[in-house]
Amino acid sequence: VLILSIILIIGLIRLPQKMIGFFQKLARGLKLLINIGLVTGAVTYLLGIETPYLIPITEAMVVVVNITLALLGSLPFAKLLQLVLNKPLKVIGTKLRIQDSACAGILIGMVSAVPVYTMMEDMNKRSRIIVSTFLIDGMAILGAHLAYTAANNPAMTGPLLVCKLSASLIGLVIAFIYTRNSPQ
């Protein structure tokens with residue numbers, strides 16, 4: 001993983017456009033693979049075909065439903081927190097020299113990154129960098145990742161929270177240092 005990370009960093013520094021093109025092609029390939037898997041799972045289910053190479057789609061849907069149910073409550077809760085903590089978020093944002101929308105983005109990003117992406121158009125460059133850095137490791141810490149882990153391996157819930165929180169906090173520190181001279 002470390003070697004792959006170093007290769008990716010060097011590639012992004014020396015050949016950013018080619019790397020972005022590579023990742024776009026990779027995303028299209030993954031999307032194609034996912035669609036093939038879904039269609040194959042649906043066909044095998046509908047035709048009653050059993051294969052040792054595929055997990056039945058019904059098992060996968062249980063995981064999806066568990067995550068959906070967790071997000072069903074967590075997204076409105078994140079919005080409620082944003083409303084209730086509006087004044088403290090402004091104070092924290094002022095002290096950290098980031099916009100209050102960035103503070104809210106970090107909070108909401110702990111549940112899901114999707115609403116945060118729509119908020120980024122209202123953020124300045126520094127706030128976007130800081131929020132994006134947090135989302136790399138902290139995304140969905142209280143949402144889908146937590147729901148999936150709790151549903152499938154409850155013993156790993158604590159380690160998941162510790163690892164994601166510590167990595168996201170380290171990332172935030174680095175982002176604040178990196179952007180310290182940026183205008184608010």
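Quick note: structure is the one above.
The rules we used
- Residues numbered from 1 in each chain as written.
- Predicted model: local features only at pLDDT ≥ 70, side-chain atom pairs only at ≥ 80, totals over all residues.
- Heavy atoms only, no water.
- Helix = DSSP H or I, 4+ residues; strand = E, 2+ residues; numbered from the N terminus.
- Buried < 20%, exposed > 50% of the residue type's maximum accessible area, 1.4 Å probe, protein only.
- Areas by Shrake-Rupley, 256 points an atom, 1.4 Å probe, with all protein chains shown as cover.
- Lys, Arg positive; Asp, Glu negative; His and termini not counted.
- Charge placed at Lys NZ, Arg CZ, Asp CG, Glu CD.
- Axes fitted to C-alpha atoms, helices over the stretch in contact; angles between N-to-C directions.
- Parallel < 35°, antiparallel > 145°, perpendicular 65-115°, else oblique.
- Contact = heavy atoms within 4.5 Å.
- Nonpolar A, V, L, I, M, F, W, Y, C, P; charged D, E, K, R; others polar.
- Patch = residues over 30% accessible without salt bridge, like charges linked within 9 Å, V, L, I, M, F, W, Y side chains within 5 Å.
- Salt bridge = Lys/Arg side-chain N within 4 Å of Asp/Glu carboxyl O.
- Core = buried A, V, L, I, M, F, W, Y, C linked by side-chain atoms within 4.5 Å.
- Left-handed = near helix turned anticlockwise from the far one by under 90°.

## Details of the overall build of the chain
Along the backbone of the chain there are nine helices and zero strands. Reading the chain from its N end, one meets helices and strands in the order α-α-α-α-α-α-α-α-α. Relative to its 184 residues, the chain shows a buried fraction of 28%. Per element, the accessible surface of the chain, about 12,600 Å² overall, is 73% carbon and sulfur. Within the chain, one finds 15 positive and 6 negative side-chain charges whose respective centroids are separated by 16 Å.

## A short note on the packing of helix H1 (residues 2–14) against helix H2 (residues 16–47)
Running from N to C, H1 and H2 cross one another at 125 degrees; their axes reach a closest spacing of 5 Å. When the axis of H1 is compared with that of H2, the two are oblique. Every residue of H2 that contacts H1 at Leu8, Gly11, Leu12, Ile13 and Arg14 is listed here: Pro16, Met19 and Phe23. Taken together, the residues of the contact of H1 with H2 break down into six nonpolar, one polar and one charged.

## A short note on a nonpolar patch on the surface
Nonpolar side chains collect at one region of the surface, where Leu12, Phe22, Phe23, Leu26, Leu30, Leu33, Ile34 and Leu38 lie side by side and expose about 740 Å² of accessible area between them. Examining the composition of the nonpolar patch, we find that seven residues originate from one element, H2, more than from any other. Position of Leu26 relative to the elements: it lies in helix H2.

## A few points about unusual backbone geometry
For residues other than glycine, phi is negative in most cases, and the peptide bonds are mostly trans. In this model, Arg97 sits at a positive phi of 60 degrees, which is unusual for a non-glycine residue. On the secondary structure map, Arg97 appears in the loop between helix H4 (86–96) and helix H5 (100–109). A positive phi angle, close to 60 degrees, is found at Ala140, a residue other than glycine. Within the element layout of this structure, Ala140 appears in the loop between helix H7 (125–138) and helix H8 (144–152).

## Some points on the nonpolar core
Among the nonpolar cores identified, the biggest contains 23 residues, and Ile130, Val131 and Leu135 are the most heavily contacted of them. Breaking this core down by element, the ones donating at least two residues are H5, helix H6 (114–119), H7 and helix H9 (157–178). The greatest single-element share of this core, amounting to five residues, is contributed by H5. Leave out the neighbours within four places in its chain, and Val131 touches Ala102, Gly105, Ile106, Val116, Met120 and Met123.

## Remarks on the environment of Pro56
Turning to its location among the elements, Pro56 is positioned in the loop between H2 and helix H3 (57–84). For the pair Pro56 and Ala42, spaced 14 residues apart in sequence, the C-alpha to C-alpha distance is 8.9 Å.

## Some remarks on H5
Where burial is concerned, most of H5 is hidden: eight out of the 10 residues are buried. Burial in H5 covers these residues: Ser101, Ala102, Cys103, Ala104, Gly105, Ile106, Ile108 and Gly109.

## Points about the packing of H7 against H9
For the pair H7 and H9, the least separation of the axes is 8 Å and the interaxial angle reads 160 degrees. On the basis of the axis angle, H7 is roughly antiparallel to H9. Classified by chirality, the crossing of H9 by H7 is right-handed. For the pair formed by H7 and H9, the contact residues are Arg126, Ile130, Thr133, Phe134, Asp137 and Gly138 on the first element and Lys164, Ala167, Ser168, Gly171, Leu172, Ala175 and Phe176 on the second. Taken together, the residues of the contact of H7 with H9 sort by class into six nonpolar, four polar and three charged.

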